[in-house]
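Chain residues, written in single-letter form:
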Amino acid sequence: RSNAEKFEFQAEVSRLMDILINSLYSNKDIFLRELISNASDALDKIRFLSLTDKDVLGEGDDTKLEIQIKLDKENKILSIRDRGVGMTKEDLIKNLGTIAKSGTSAFVEKMQTGGDLNLIGQFGVGFYSVYLVADYVEVISKHNDDKQYVWESKADGAFAISEDTYNEPIGRGTEIRLHLREEAGEYLEESKLKELVKKYSEFINFPIYLWATKEVDVEVPAEEDDSSDDEEKPAESTEEEKEDEEADKDEDEEKPKTKTIKETTQEWERLNDVKAIWLRSPKEVTEEEYTKFYHSLAKDFGDEKPMAWSHFNAEGDVEFKAVLFVPPKAPADLYESYYNSNKSNLKLYVRRVFISDEFDELLPKYLMFLLGLVDSDTLPLNVSREMLQQHNSLKTIKKKLIRKALDMIRKLAEEDPDEIHGQDKKEVEESKENDEKRGQYAKFWNEFGKSVKLGIIEDAANRNRLAKLLRFETTTSEGKLTSLDQYISRMKSGQKDIFYITGSSKEQLEKSPFLERLKKKNLEVIFFTDPVDEYLMQYLMDYEDKKFQNVSKEGLKLGKDSKDKEVKESFKELTKWWKETLATENVDDVKISNRLADTPCVVVTSKYGWSANMERIMQSQTL
Ligand code: ADP
Ligand code: MG
């Protein structure tokens, strides 16, 4: 085209496209879901803009917020168009080629190490999946602020942009034309497209139409000799039909002779017609539907089910509906970015209108691993985002969401605790390696346990609720995870405190001399081996009126022993000598210990000082 301007793809984008074009990946279907998802995003954007400025919607067909799919079998073109926000010339250049998103190189890397192409949408590069099925793609787009432009590329490292002076005006929005490859012919079958929309795009909240072939009955004048070649008529008529025929004959006098023939025409057929899942009653929604809904939210279309979900309707001063999911796995960078970002995975809707998926005021940081959606009738629609962020109801929504989230996790813990199937030690060891054999809560703990601990540290109001969710191993738990409630239920008579020890691993701690007497006395001690545990225990002072005692610190009380005083007295000279010999810059004090059985002596830290483990952690952080 004479008016085309040429551009080169940014290098990473180019690499990505090469990978896609040469991919042997069998599930090429995913391109359709990515295009529909982009169309839906664009429609969300224009609808959001229209809240404060009605005029952006235009008039006539432009006001219809919908997605249309059309096939051109002859030319092997599949097109998907939306009446969304559209793209300006600048948008086309930036969004479709010259600016690489952070996900681009991450995705390229994943692909090179055998990652799943199915996750392309998660990396923010879903558009390029069109090159799984097409060798030439045109994107025609019209934004309110610009003229109609065409973006086109044969994925040969370059793309072209031209002002569109040859196609019909499409009105506001975007039309994507895929010139399908020879081997992608199946995407010209209506049945295939219907199947794909059902399968992947069922939760799109805009109508999706297909320009579909329809067989219709048409009345045409009957000719004299038509009976001989009328294939539509069954050889033998049923009784009813005979009666109908009789009736017809009666009318024959007045009416001209007609017959019905089948003709094919084309019309828009709606492919999705599901009420938004969160508006339905939780009783009506099946497990499979929740799973599929989760997949669409997570942009992860694997077979893994979410670990748990909670779907509820909050009533009262602040009304909202919400669905929360615990994903089957934590993303690799969940805790890496913990202190610099607060990327929420909740979508906010106000009265069915999508507002934002970057609304961080809905959940505290430690729950940012949850996925889901909130739709509120109480929040105002026609205000800016900034106003919305300060709205009073948000605090109430947040509070209720936390409660529901913690309830959901508690239920998971109750319904599917860490029951290791198998009793002898070998089986226990084996099942520790094999998550499948363990209860869901063990899996949850593995993936998200740290979040519960961060919650205890950060959320004083829910500290006790969160402490109930805490799991750990102990000197007597034999590899199973146990809870504080279980620990308390096993406490020995006369035991007042909850004992714990911190260190870098269970194996190291098991050998600790600090445990000798406690073991002899059959007192259970909690192992805390995660660096965050040291911080955790600075916030978790007590639980159900029981104090926590670090057994490696000074002042350990194992219950009263009548001989304590006598023993102390008889060794007074020795301890005095030790203290003088070691000098005060090395030790604060030398005492008779009640925690040792075989080891002659041990160095303990003072009650309010850092534990040796904490020293170790602090050292590793400053190095
Ligand atoms: P993502 O959707 O995650 O942002 P994509 O690769 O699917 O990543 O799309 C890239 C960008 O191209 C989108 O963010 C959007 O700005 C733009 N885009 C793609 N399709 C459309 C469309 N149908 N209408 C408007 N903009 C679109
Ligand atoms: Mg996308």
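For clarity, every value in this text was computed on a predicted model and none was experimentally measured.

Observations regarding the overall build of the protein chain
1) Next: Across its full length, the protein chain carries 19 helices and 19 strands.
2) Next: The proportion of buried residues among the 623 residues of the protein chain is 32%.
3) Next: Restricting to contacts in the protein chain with at least 6 residues of sequence separation, those with at least 24 account for 74%.

Remarks on the site of ligand 1
1) Next: Surrounding ligand 1, one finds 16 residues, the nearest of these being Asn-38, Ala-42, Asn-95, Gly-126 and Phe-127.
2) Next: Looking at the shell around ligand 1, the elements with two or more residues in it are helix H2 (30-52) and helix H3 (89-98).

Details of unusual backbone geometry
1) Next: In this structure, Arg-351 is a non-glycine residue whose phi angle is positive, near 45 degrees.
2) Next: Examined against the element boundaries, Arg-351 turns out to sit in the loop between strand S12 (346-350) and strand S13 (353-356).
3) Next: Note on Arg-351: 13 C-beta atoms within 10 Å, which makes it partly exposed.

So, the pairing of strand S7 (residues 173-180)
1) Next: Burial within S7 is extensive, with 8 of its 8 residues counted as buried.
2) Next: Burial along S7 is two-sided: the face carrying Gly-173, Glu-175, Arg-177 and His-179 and the face carrying Thr-174, Ile-176, Leu-178 and Leu-180 are both buried.
3) Next: Bridging between strand S3 (residues 77-82) and S7 involves 6 bridges; their strand directions are antiparallel. Across the sheet, residue Leu-78 finds its bridge partner in S7, namely Leu-178.

Quick look at the nonpolar core
1) Next: Grouped together as the largest cluster of nonpolar side chains are 76 residues, with contacts concentrated most on Leu-370, Val-374, Ala-405, Val-525 and Ile-526.
2) Next: Ranked by residues supplied to this core, first place goes to helix H9 (residues 393-415) with 10 residues.
3) Next: Residues in contact with Val-525, not counting those within four places in the same chain, are Thr-474, Thr-475, Phe-499, Tyr-500, Ile-501, Leu-515, Leu-518 and Val-551.

With respect to the UniProt feature "domain: Histidine kinase/HSP90-like ATPase" (unreviewed entry) in the protein chain
1) Next: If you check UniProt for "domain: Histidine kinase/HSP90-like ATPase" (unreviewed entry), the listed places come out as residues 27-184 in our numbering.
2) Next: For residues 27-184, the helix share is 28%, the strand share is 26%, and the end-to-end C-alpha distance is 11 Å.

Brief notes about the sheet that holds strand S18 (residues 542-543)
Whether parallel or antiparallel, the strands of a sheet pair through hydrogen bonds between backbone atoms.
1) Next: Spatial strand order, S15-S17-S16-S19-S18: 5 strands in an open sheet with mixed pairing. Each of the sheet's edge strands pairs with one partner strand only, and the pair in question is strand S15 (473-474) and S18.
2) Next: As defined by bridge partners, strand S16 (residues 498-502) adjoins strand S19 (residues 546-550) across 3 bridges and the pair is classed as parallel. Looking at the pairing, Phe-499 lines up with Gln-549 of S19.

Observations regarding the environment of Val-125
1) Next: Inspection of the secondary structure assignment puts Val-125 in the loop between helix H4 (102-112) and strand S4 (134-142).
2) Next: A C-alpha to C-alpha distance of 7.2 Å links Val-125 and Gly-103, two positions 22 residues apart in sequence.
3) Next: Look past the residues within four positions of Val-125 in its chain and what remains in contact with it is Leu-16, Lys-101, Gly-103, Thr-104, Phe-107 and Ile-120.

A word on helix H7 (residues 287-298)
1) Next: Here H7 spans 16 Å end to end across 12 residues, near enough to the 16 Å set by a 1.5 Å rise per residue.
2) Next: All of the buried residues in H7 are Phe-293, Tyr-294, Leu-297 and Ala-298. The arc that holds the buried residues of H7, viewed along the axis, is 125 degrees, so those residues lie on one side.
3) Next: The elements touched by buried residues of H7 are strand S11 (320-326) and strand S14 (371-376).
4) Next: Just downstream of H7, Lys-299 is the residue with a positive phi angle, here 55 degrees.

What counts, and where the lines are drawn
- Residues numbered from 1 in each chain as written.
- Chains lettered and ligands numbered in written order.
- Predicted model: local features only at pLDDT ≥ 70, side-chain atom pairs only at ≥ 80, totals over all residues.
- Helix = DSSP H or I, 4+ residues; strand = E, 2+ residues; numbered from the N terminus.
- Buried ≥ 20, exposed ≤ 12 C-beta atoms within 10 Å, placed from the backbone.
- Contact = placed C-beta atoms within 7 Å.
- Near = placed C-beta within 6 Å.
- Pairing = 2+ DSSP bridges.
- Core = buried A, V, L, I, M, F, W, Y, C linked by C-beta atoms within 7 Å.
- UniProt positions renumbered as here; feature names shortened; annotations may be inferred.
- Expected span 1.5 Å × (residues − 1).
- Arc of directions from axis to C-beta.

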